[in-house]
Amino acid sequence: MKHLGLLLLFLWSFALPAEEALPPRPDRYFNDYAHVVPETKAKELNERLATFERDTSSQIVVAVFAKVPSATSLEDFTVRTAKAWQVGQKDKRNGAILFVFVQDRKLRIEVGYGLEGVLPDVICKRIISDTIAPYFRSGDYAGGLTAGVDAMLTAAKGEYKGNGRTRAENSNVLEPLIVIAGIVLVLLLLLFMLACISGAKNGTVYSRRGCRRRDSGWDWNFGNSSSSGGSSTGSSSSSSWSSFSGGGGGFGGGGASGSW
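Residues numbered from 1 in each chain as written. Predicted model: local features only at pLDDT ≥ 70, side-chain atom pairs only at ≥ 80, totals over all residues. Heavy atoms only, no water.

Undergrad: Can you tell me about the side chain of Asn-94, naming the residues and giving the values?
TA: The topology assignment puts Asn-94 in the loop between α3 (74-85) and β3 (95-101). For Asn-94, a relative accessible area of 0% corresponds to the buried category. At a separation of 3.2 Å, a polar atom in the side chain of Asn-94 contacts the side chain of Ser-58. Asn-94 has contacts with Thr-56, Ser-57, Ser-58, Gln-59, Gly-88, Gln-89, Gly-114, Leu-115 and Tyr-160, leaving out every residue within four places of it along the chain. (Helix = DSSP H or I, 4+ residues; strand = E, 2+ residues; numbered from the N terminus. Buried < 20%, exposed > 50% of the residue type's maximum accessible area, 1.4 Å probe, protein only. Polar contact = N/O pair within 3.5 Å; in protein donor to acceptor, adjacent residues only side chain to side chain. Contact = heavy atoms within 4.5 Å.)

Undergrad: If you had to explain helix α5 (residues 141-156) to someone new, which residues and values would you point to?
TA: Here α5 contains 16 residues, and its C-alpha end-to-end distance of 22 Å stays within 8% of the 22 Å for a straight helix at 1.5 Å per residue. Counting buried positions along α5 gives 12 out of 16 residues, so the element sits mostly inside the fold. Within the span of α5, buried status applies to Tyr-141, Ala-142, Gly-143, Gly-144, Leu-145, Thr-146, Ala-147, Gly-148, Val-149, Met-152, Leu-153 and Ala-156. The secondary structure elements touched by the buried residues of α5 are β1 (30-32), α2 (39-56), β2 (59-65), β3, β4 (106-112) and α4 (121-137). The opening residue of α5 is Asp-140, an N-cap whose side-chain oxygen sits 2.8 Å from the backbone nitrogen of Gly-143. (Expected span 1.5 Å × (residues − 1).)

Below is the structure:
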């Protein structure tokens, strides 16, 4: 009987529908996978969303898909995608995503925990039904998405303060500095090893404070070493589109759904 139960459990696990694969995290704020918005308008909206993160630290992303994956529901797909993309800063969880599914004529706003106070369910529902849907009914996706983005930015403005950079821009500044620091450290270690090896034939004294040569006067005292910091200017991406990078924000299903 025990073995029969295990066999039935094994067969039942194969009968369950496979969980739909999620789309990868985007590298832009405005993502028109259904190709319903002119590129110039898409770029304009992308830059506005990037500027909003610079000013407020909040991240708002737009994702326009052709349709909802067949093996899942709208809400299940959007909340799992929002969690996977981690829109919003980790310490503030101040992210939101506007999802649109053109063929299904459905849309949803997912709101991170940190923005639920300024983008509660009732406001999200109003943005969908009163602001976006009328444009979509007439086939004006660019107009509807522009109006929806405007409404979301207006609602979330002032809740948090930014540092003048997006998370992607901060990464672009820090990564070269880390690489340079690593190269300098490796070179210093190589020079130290070469000096100590060559000094073995010239009366060098070794100690836990470094290596010191008696007759020439040089002294590398790593116990009390100090370094002077340099400056580096982050280079902009080769693309003219501002890049998006998720900050670790969390979602719990706050927001609203609608159709047109």
